[in-house]
Amino acid sequence: MAWDSSRTVPWRRLVREWLIYVVIASVAMTIYFVTTNRTLEVGLYAGLLVSGPMYIAFGAVLAKFGYQRKSFKDLRSERATAPATTSRGSTSGGSATSSSQTQRVRPAPTKRTSTGPQHRKPKKR
């Protein structure tokens, strides 16, 4: 997609995601350095703070190009409206697949697969 300056940037979402990242990363670093008896340095936390403007700027540029990640709310609503199927294609009740579902088409056999044409090496004379 092309750059479109009229597209909105989800500033609140970007800042919220970055803040969640900073909290989780700082807790994880603190736990790691305390348990390994290493010294905590201010530079580690400064790096986390510097990552904020970079993350937000990168997210804003992606939003102007049209990238929009789905939220958890969108993913939950899609899952609720989609038919309940397992990864093998059968319904949740364990019965066979219905005719309305499309099945995967088997690719053509190749010389690398066991179902492909069997080329035998010519006998040496």
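Everything in this summary refers to the structure shown in the same document. On a predicted model such as this, the values are computed, not experimentally measured, just so you know.

1. Some words on the overall build of the chain
What the chain contains, in helices and strands, is 3 helices and 0 strands. By residue count, 14% of the 125 residues in the chain fall in the buried class. Taking the intrachain contacts of the chain between residues at least 6 apart in sequence as the baseline, contacts between residues at least 24 apart amount to 58%. Looking at the chain as shown, the accessible area adds up to about 11300 Å², and 61% of this sits on carbon and sulfur atoms.

2. Focus on the packing of aromatic side chains
In this structure the tally under the stated criterion is 2 aromatic pairs. Consider the rings of Tyr32 and Phe33, whose centres lie 5.3 Å apart with planes at 85 degrees: the pair is edge-to-face.

3. Digging into unusual backbone geometry
Most peptide bonds take the trans form, and the phi angle of most residues other than glycine is negative. For Asn37, which is not glycine, the phi dihedral falls at a positive 55 degrees. Secondary-structure assignment places Asn37 in the loop between helix H1 (11-35) and helix H2 (42-64). For Asn37, a relative accessible area of 69% gives the class exposed.

4. Observations regarding the side chain of Lys64
Its location among the elements puts Lys64 in helix H2. We note that Lys64 is buried and unpaired, the nearest opposite charge coming from Asp4 at a distance of 7.3 Å. In this structure, Lys64 is in contact with Ala2, Trp3, Asp4, Ser5, Arg7 and Val9, ignoring residues within four places of it in sequence.

5. Digging into H1
Across its 25 residues, H1 extends 36 Å between first and last C-alpha, which sits within 8% of the 36 Å expected from 1.5 Å per residue. Where H1 is buried, its residues touch H2. At the C-terminal side of H1, Asn37 shows a positive phi close to 55 degrees.

6. Here we look at the side chain of Ser51
Looking at the element boundaries, Ser51 is found in helix H2. With a relative accessible area of 16%, Ser51 lands in the buried category. Looking at Ser51, its side chain comes within polar contact range of the side chain of Trp18, at 3.1 Å. Setting aside anything within four residues of it in sequence, one finds Ser51 in contact with Trp18 and Tyr21.

7. Concerning the packing of H1 against H2
One way to put it is that H1 packs onto H2 with a least axis distance of 10 Å and a crossing angle of 155 degrees. Judged on the interaxial angle alone, H2 and H1 are roughly antiparallel. You can see that H1 and H2 cross each other, and the crossing is right-handed. The segment H1 lies against H2, with Trp11, Leu14, Val15, Glu17, Trp18, Tyr21, Val22, Ala25, Ser26, Met29, Thr30 and Phe33 engaging Leu44, Tyr45, Leu48, Leu49, Ser51, Gly52, Tyr55, Ile56, Gly59 and Ala60.

Cut-off values and rules
- Residues numbered from 1 in each chain as written.
- Predicted model: local features only at pLDDT ≥ 70, side-chain atom pairs only at ≥ 80, totals over all residues.
- Heavy atoms only, no water.
- Helix = DSSP H or I, 4+ residues; strand = E, 2+ residues; numbered from the N terminus.
- Buried < 20%, exposed > 50% of the residue type's maximum accessible area, 1.4 Å probe, protein only.
- Contact = heavy atoms within 4.5 Å.
- Areas by Shrake-Rupley, 256 points an atom, 1.4 Å probe, with all protein chains shown as cover.
- Phe/Tyr/Trp six-rings, centres within 6.5 Å; stacked < 30°, edge-to-face > 60°.
- Lys, Arg positive; Asp, Glu negative; His and termini not counted.
- Salt bridge = Lys/Arg side-chain N within 4 Å of Asp/Glu carboxyl O.
- Expected span 1.5 Å × (residues − 1).
- Polar contact = N/O pair within 3.5 Å; in protein donor to acceptor, adjacent residues only side chain to side chain.
- Axes fitted to C-alpha atoms, helices over the stretch in contact; angles between N-to-C directions.
- Parallel < 35°, antiparallel > 145°, perpendicular 65-115°, else oblique.
- Left-handed = near helix turned anticlockwise from the far one by under 90°.

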